[in-house]
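# Coordinates in review
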Amino acid sequence: MSVLAERLTDTVGAALERFRHLRDIAAAVGIWAFIASLFLWFFLAETQLFAIGVIVGSVLALGAIGLTLIYGILKFANFAHGDTMMLGAYVAFFALTGLLAQNARQDTEIPFSLDSLPGSVEQIGPLSFGYGLILSAVVAAAVIALIVIGLDRLIYRPLRRRGSGIVIFAVVSLGLAISIRSVMMIFWGPSPRVYVTGIHPAERFDLGFTTIALKADQIFIFAVAVSLAALVYFVLFRTKLGKAMRAMADNPSLAEVSGINTDQIITWTWLIGGALVAIAGVLLALQAQLNPNLGFFLLLPLFASTILGGIGNPMGALLGGLIVGITQEVSVGIELSIAGQEILPLAPGYKFSVAVVILIFILLARPRGLLGSKSL
Amino acid sequence: MRAERLLTPASFLAITLAVIIMPAERSGWSFDGVISFLTAFATTVAIFSVFTLGLNVQWGYTGVFNFGVAGFFMVGAYTAAIFTKDPPESEFVQYVYGFGDKLDFIPFLASDQWLPFLFGTAAAAIMAGALAFALSIPTLRLREDYLAITTIGIAELLRAVTIEERGLVNSARGLIGIPRPFHDFFDPGDYKFVYFAIAVLVLLVLFVAVERGIRSPWGRVLRALREDEMTTAASGKNVFAFKMQGFIFGAMIMGVGGAIFAYERGSVSPDTFSPFFATFIFWVMLMVGGSGNNKGAILGAYIVWGIWTISLQLQGYDLPEVVKSRIFFVRDLLIGGLIVSVLLLRPQGLLPQERRVSIWAEREVRRVTRQRPQPEPSGADPPVT
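Residues numbered from 1 in each chain as written. Chains lettered and ligands numbered in written order. Predicted model: local features only at pLDDT ≥ 70, side-chain atom pairs only at ≥ 80, totals over all residues. Heavy atoms only, no water.

### Section: the overall build of chain A
Threshold: Helix numbering and strand numbering both begin at the N terminus, where a helix is a DSSP run of H or I of at least 4 residues and a strand a DSSP run of E of at least 2. This radius of gyration counts C-alpha atoms alone. The globule rule is 2.2 Å times how many residues there are, raised to the power 0.38. Residue exposure (1.4 Å probe, protein chains only): buried if accessible area is under 20% of the type maximum, exposed if over 50%, otherwise partly exposed. We call two residues contacting when some pair of their heavy atoms lies within 4.5 Å. Only the protein chains shown count as cover for residues, and the accessible areas themselves come from Shrake-Rupley with a 1.4 Å probe.
Scanning chain A from terminus to terminus reveals 13 helices and six strands. Taking 21 Å as the expected radius of gyration for a compact globule of 376 residues, we find that chain A reaches 23 Å, a close match to that expectation. Based on the C-alpha atoms only, the size of chain A along its principal axes is roughly 95 × 60 × 35 Å. In chain A, which comprises 376 residues, the share counted as buried stands at 51%. A sequence separation of at least 24 residues applies to 73% of the contacts in chain A between residues at least 6 apart. Accessible surface for chain A amounts to roughly 17000 Å². Of this, 66% is attributable to carbon and sulfur atoms.

### Looking at the packing of helix H3 (residues 47–74) of chain A against helix H7 (residues 216–238) of chain A
Residues and elements named next belong to chain A. Selection rule: As a rule, the C-alpha atoms of each element are fitted with a line to give its axis, helices using only the stretch in contact, and angles between N-to-C directions run from 0 to 180 degrees. Comment on the angle field: the value is read as roughly parallel under 35 degrees, roughly antiparallel over 145, roughly perpendicular from 65 to 115, and oblique elsewhere. Left-handed describes a crossing whose near helix is turned anticlockwise from the far helix by less than a right angle; the clockwise case is right-handed. Three categories are distinguished: nonpolar for Ala, Val, Leu, Ile, Met, Phe, Trp, Tyr, Cys and Pro, charged for Asp, Glu, Lys and Arg, and polar for the others, with Gly belonging to the last.
As a packed pair, H3 and H7 sit with axes 9 Å apart at the nearest point and diverge in direction by 30°. Between H3 and H7, the angle is such that the two are roughly parallel. Read as a crossing pair, H3 and H7 show a hand that is left-handed. On H7, the residues that touch Ile52, Val54, Ile55, Ser58, Val59, Leu62, Ile65 and Leu69 of H3 are Gln218, Ile221, Phe222, Ala225, Leu228, Ala229, Val232 and Leu236. Residues that form the contact of H3 with H7 fall into these classes: 14 nonpolar, two polar and no charged.

### Some thoughts on the nonpolar core
Rules: Note on terminology: a nonpolar core comprises buried Ala, Val, Leu, Ile, Met, Phe, Trp, Tyr and Cys residues joined through side-chain atoms within 4.5 Å.
If you look at the biggest cluster of nonpolar residues, it comprises 223 residues, and the most contacted ones within it are Phe79 and Tyr195 of chain A. In terms of residues, this core owes the most to one element, H3 of chain A, which gives 17 residues. Those residues in contact with phenylalanine 79 of chain A that lie beyond four places of it in its chain are Ala170, Ser173, Leu174, Ala177, Leu299 and Phe303 of chain A together with Phe67, Ala148, Ile149 and Ile152 of chain B. If you look at the next biggest cluster of nonpolar residues, it comprises five residues, including Leu222, Leu225, Val239 and Phe242 of chain B.

### Side note on the interface of chain B and chain A
Note the threshold: Accessible area that two parts lose when put together, with a 1.4 Å probe and added across both, is what the buried area reports. Definition used for salt bridges: Asp or Glu carboxyl oxygen within 4 Å of a side-chain nitrogen of Lys or Arg.
Across the contact, 42 residues belong to chain B and 45 residues belong to chain A. Interface of chain B and chain A: buried area, both sides summed, is about 4000 Å²; carbon and sulfur atoms make up 79% of it. Inspection of the region where chain B meets chain A yields one salt bridge. One salt bridge in this structure joins aspartate 332 of chain B and arginine 181 of chain A, with 3.9 Å as the shortest N-O distance.

### Describing the pattern of salt bridges
Proximity of charged atoms lets side chains of opposite charge pair with each other. All names here are of chain A. Under the criterion given, the structure shown has twelve salt bridges over all chains. For aspartate 263, the salt bridge identified is with arginine 161, shortest N-O distance 3.6 Å. One end of the pair, aspartate 263, is in helix H10 (residues 262–287); the other, arginine 161, is in helix H5 (residues 131–162), with 102 residues separating them in the sequence. With a relative accessible area of 27%, aspartate 263 lands in the partly exposed category.

### Points about H7 of chain A
All names here are of chain A. In plain terms, the rule: To estimate how far a helix should reach, multiply one less than its number of residues by 1.5 Å.
Across its 23 residues, H7 extends 32 Å between first and last C-alpha, which sits within 8% of the 33 Å expected from 1.5 Å per residue. For H7, the full list of buried residues reads Ala216, Asp217, Gln218, Ile221, Val224, Ala225, Leu228, Ala229, Val232 and Leu236. Contacts made by the buried residues of H7 are with H3, strand E4 (211–214), helix H8 (240–250), H10 and helix H12 (314–330).

### As for the packing of helix H2 (residues 31–62) of chain B against helix H10 (residues 239–265) of chain B
All names here are of chain B. The geometry of H2 relative to H10 is characterised by a closest axis approach of 8 Å and an angle of 170° between their N-to-C directions. It follows from the interaxial angle that H2 and H10 lie roughly antiparallel. In terms of residue class, the contact of H2 with H10 is made up of 15 nonpolar, nine polar and three charged.

### Notes on the environment of phenylalanine 361 of chain A
By the element assignment, phenylalanine 361 of chain A lies in helix H13 (residues 351–365). Along the backbone, phenylalanine 361 of chain A and alanine 278 of chain A are 83 residues apart, and their C-alpha atoms lie at a distance of 29 Å.

### What about unusual backbone geometry?
Here lysine 75 of chain A, not a glycine, exhibits a phi torsion of approximately 65°, which is positive. Within the secondary structure, lysine 75 of chain A sits in the loop between H3 and helix H4 (81–97).

### Description of the side chain of serine 11 of chain B
Note on placement: serine 11 of chain B falls in helix H1 (residues 2–26). Not counting residues within four places of it along the chain, the set of residues in contact with serine 11 of chain B comprises Ile303 and Leu350 of chain B.

### Here we look at the pairing of strand E3 (residues 203–206) of chain A
Residue and element names in this part refer to chain A. Note the threshold: By definition, two strands form a pair when at least two bridges between them are found by DSSP.
Note: E3 against E4, four bridges, orientation antiparallel. The residue bridging arginine 204 from the neighbouring strand is alanine 213, located in E4. Between E3 and E4, which pair antiparallel in sequence order, lie four residues; one of them, glycine 208, sits at a positive phi of approximately 95°.

### Some remarks on the confidence of the model for chain B
All names here are of chain B. The criterion, for reference: For every residue, the predictor states its confidence as a pLDDT score lying anywhere from 0 to 100.
Across chain B, pLDDT averages 84, with 89% of residues at or above 70. The spread of mean pLDDT over the elements of chain B runs between helix H15 (residues 359–371), the lowest at 75, and H10, the highest at 94. The low-confidence segment residues 378–385 (pLDDT under 50) makes 13 contacts with residues lying over four places distant or belonging to another chain. Note on the complex model: pTM 0.88, ipTM 0.86.

### Notes on the packing of aromatic side chains
All names here are of chain B. We apply this condition: Here a pair means two rings of Phe, Tyr or Trp (six-membered ring of Trp) with centres within 6.5 Å. Their orientation is stacked below 30 degrees between planes, edge-to-face above 60, and tilted elsewhere. Note on geometry: a ring has a charge over it if NZ (lysine) or CZ (arginine) is within 6 Å of the ring centre and within 35 degrees of the ring normal.
With the rule as written, the count across this model stands at 41 aromatic pairs over all chains. Seen in terms of ring centroids, phenylalanine 48 and phenylalanine 51 are 6.4 Å apart; in terms of plane orientation they differ by 65°. Their pairing is edge-to-face. Placement of the pair is phenylalanine 48 and phenylalanine 51 together in helix H2, with a separation of three residues, close to one helical turn. Taking the relative accessible area as the measure of exposure, phenylalanine 48 reaches 0% and is therefore buried. Look at phenylalanine 51 and you get buried, because its relative accessible area is 0%. Through successive ring pairs, a cluster of aromatic residues spans Phe48, Phe51, Phe73, Tyr78, Phe261, Phe273, Phe282, Trp305 and Trp308. Against the face of tryptophan 59 rests arginine 226, its NZ or CZ located 5.1 Å from the ring centre. Cation over ring: arginine 331 sits above tryptophan 308, and NZ or CZ is 3.6 Å from the ring centre.

Structure follows, in structure tokens:
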């Protein structure tokens, strides 16, 4: 009898083992079905906030792509990324207006800045800004890329040579985050700023079942974010540099013995990550405002997007950024009651906490992320 | 080599001189002024040392990477406040419970002056430990940076909860009028000395507890874990359980720190628990002092809080307007730059980690070396990485 039972359990166990991949597939289907139905509900119930979420999400995605590249290739969590993003926004602000804070109330202006170019603040079509801001964003991308490469040479490279652990890198990057934040406070003061003042009307779009209002700027933000993400995809998967970067993310030692110049790849990684995050910062400040305190809070949605998509996976970061951005925006507007208890909408102060909840869920359910962390 | 050996005493001396001379000069060399300034300074150092001790248990000994000290700090401070305050009276002040009047159940020995505080501190430790327990389940099995990101997020989440939930802890206005232990026994002017004594006593008790714990077989497993998880697991130790215990033990110490912080300030509000003030500064203190060394943790708290205080004192001097109006930001830059340069130039901190395995083994070594003289083992050890 017991022999029979034993044989039976063995057979069942072997069968389960054989169909293990089926269980994994079922889990994956479950997760994707859950996400798809959740977002269908979001879209139908709160179309307006969903649209805003897509725009915020595309900006987050741009930041998260840079973060995930650094995480995947340099193997550490860069806690300075959120503040670097904000610094990018401020560098563009400085390039555009030439303003520096003199004291709490007054600004001083340096003699030359991009807005003194002829016609640079004239509005392009329906957009609220002129070509001056676009030039400033390019300047910011270049400056931030140079700064992060410089910081890598000065700080991270000696740590790498010494073989420091990831914790030391993380603590150093947190120290840099605090330093960058105080530099922004020193030069531009703690109060929020905007690129272009004034009210810019939104345009209405009829979707059949509802209408949504979007500003031309917001559509511009989305277009820029998507084209930059496409550019990163092209670089990573269609160029030799991208191939080397992916090889290094996969196995740094193997990449090195295969003749890949790892130092050069690290420089390229910082360059791409820095430029992307600077432009993300400019786009974010265009959508919301410039605020030196925002940098730290941005870390939470950025890391949530990175881990959600799978560390080192840029397409995952794109998807993660969109999911986090949409959930974040929709959760403060959508209504949901369970058993007479109102659960949603959340109070606006919880906006960044949504990212934390997503992060904890994904760590419990799928720590490798939705798209897996090895597919860079 | 020689100059490097002088670094620790020199920085200690410089900070000590500065925190004595600056207030003395600004108060016109008044003895009372300096004493009261130094008492306040030393009390804060003692309280913050409790946090660095807790962080040292987590990072320095167990290798658990907690970037959300603010969360445990906040849970400790609010729990302690709720356990000692009376229930809310007016409708403008809203918070849950307020156990202060119920906990004073011994009718003699003036128990209202100390009993609620004991309960409050114990509850603070338990709540912070419970938070650590809950957090360790999803994160401790994963790579250490996941824990860092999660704890940083949870600290922010908890701060958002205290602000948004109106009836919980009086939202953004915070809790004020927290009672203080033994307050009625002393002249209000002398109370600061009493509280200094309390803070130092708590610190000493915790210091001895941590030193004992770390030197015990349990502590040896923690330190082995920190050095090499694989080997420890291969020696048959349950890595997850030991990591969890180290994490919870450190969090409980931070809870106690939150409690004595709340009783010292007499008020708590969400502003205090910003990631910079309530997390980062403890990391700087631990890294400057030397992680893996409890004395280093306390020395680090002293040095960094000294720099912090001195940079605020500079405000009273005749500085150019450009610097004066930005003194807070310059101070933040100084602290941020300090940790980067410490980790780059002196990663072991001011007091390097002690390579002591067990006091028994050490006695044995001493006995053996006394019998046949051997060269001293070198004191300086590889960097803490």
